[in-house]
Amino acid sequence: MLLLGAFEILASMISWNSIKNQGKEGVAEIENITRGRCGSGYGNSADFILHTESKSILYESHCNVPTTVVKGDRFIVKFLENDTSKFLIMFELQIE
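Treat the numbers as computed from the prediction; the structure is a model and nothing was measured. (Residues numbered from 1 in each chain as written. Predicted model: local features only at pLDDT ≥ 70, side-chain atom pairs only at ≥ 80, totals over all residues. Heavy atoms only, no water.)

Please set out the state of the cysteines residue by residue, giving values where relevant.
Overall, the coordinates contain 1 disulfide when judged by the stated rule. Residue cysteine 38 pairs covalently with cysteine 63 via a disulfide, S to S 2.0 Å. Note on the cysteine 38 and cysteine 63 pair: the S-S dihedral is about -85°, so by sign convention the disulfide is left-handed. Residue cysteine 38 is found in strand E1 (residues 24-38), and its partner cysteine 63 is found in the loop between strand E3 (56-61) and strand E4 (74-80); the two are separated by 25 residues along the sequence. For cysteine 63, a relative accessible area of 37% translates into the label partly exposed. (Disulfide = S-S within 2.5 Å. Helix = DSSP H or I, 4+ residues; strand = E, 2+ residues; numbered from the N terminus. Buried < 20%, exposed > 50% of the residue type's maximum accessible area, 1.4 Å probe, protein only.)

Written out as structure tokens, the structure is:
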């Protein structure tokens, strides 16, 4: 069981590095913010639309959304072109 958990963490880190280093850029537009249980505490999640060059896709970002984010905010997103479900919202790169 411990080995499986370590494998999942390693796979997640590899995926995150791939997105950060090789990901394409798109724009995330926040559609809805919710607050709920995240691990042992509470955090914010958001529904957003990822706008890429060829399509717009609805996703949810779980438990990592800063409290300053509001509906309608737009941010740069990095995503894997061959699997757009793998993404990283760059909350520090807000589009005015």
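Account for the environment of threonine 52, with residues named and values stated.
Within the secondary structure layout, threonine 52 lies in the loop between strand E2 (41-51) and E3. Judged by relative accessible area, threonine 52 falls into the buried class, the value being 18%. Through-space distance from the C-alpha of threonine 52 to that of threonine 84 is 9.4 Å; in sequence the pair is 32 residues apart.

Explain the nonpolar core to me, and be specific about the residues and the numbers.
Ile30, Phe48, Leu50, Val69, Phe75, Ile89 and Phe91 are the most contacted members of the largest nonpolar core, which has 14 residues in total. Residue assignment for this core shows that the elements contributing at least two residues are E1, E2, E3, E4 and strand E5 (83-95). When sequence neighbours within four positions are dropped, the list of residues in contact with phenylalanine 75 reads Gly26, Val27, Ala28, Ile30, Val69, Ile89, Met90, Phe91, Leu93, Gln94 and Ile95. (Core = buried A, V, L, I, M, F, W, Y, C linked by side-chain atoms within 4.5 Å. Contact = heavy atoms within 4.5 Å.)

An account of the pattern of salt bridges is needed here, citing residue identities and associated values.
Inspection of every chain in the model, using the stated rule, returns 1 salt bridge. In this structure, the salt-bridge partner of lysine 86 is aspartate 83, at a minimum N-O distance of 3.5 Å. Of the residues examined, lysine 86 reaches a relative accessible area of 34% and is grouped as partly exposed. Aspartate 83 sits in the partly exposed class, given a relative accessible area of 27%. (Salt bridge = Lys/Arg side-chain N within 4 Å of Asp/Glu carboxyl O.)

Account for the sheet that holds E4, with residues named and values stated.
With antiparallel pairing, the 5 strands of this open sheet are ordered in space as E3-E2-E1-E4-E5. Looking at which strands have only one partner, the edges of the open sheet turn out to be E3 and E5. Across the sheet, the axes of successive neighbouring strands diverge by a mean angle of 35°, strand direction being ignored. Bridge analysis of E2 against E3 gives 6 bridges, and the strand direction is antiparallel. Bridge assignment links leucine 50 to a residue of E3, and that residue is isoleucine 57. (Pairing = 2+ DSSP bridges. Axes fitted to C-alpha atoms, helices over the stretch in contact; angles between N-to-C directions.)

Which residues make up the environment of arginine 37, and what values go with them?
You can see arginine 37 is positioned in strand E1. By relative accessible area, arginine 37 is classed as exposed at 55%. Taking the C-alpha atoms as reference points, arginine 37 and histidine 62, 25 residues apart in sequence, are found 9.9 Å from one another. The residues touching arginine 37, leaving out its near neighbours within four places in the chain, are Tyr42 and Cys63.

It is worth stressing that arrangement in space is one thing and function is another; only the former is reported here.
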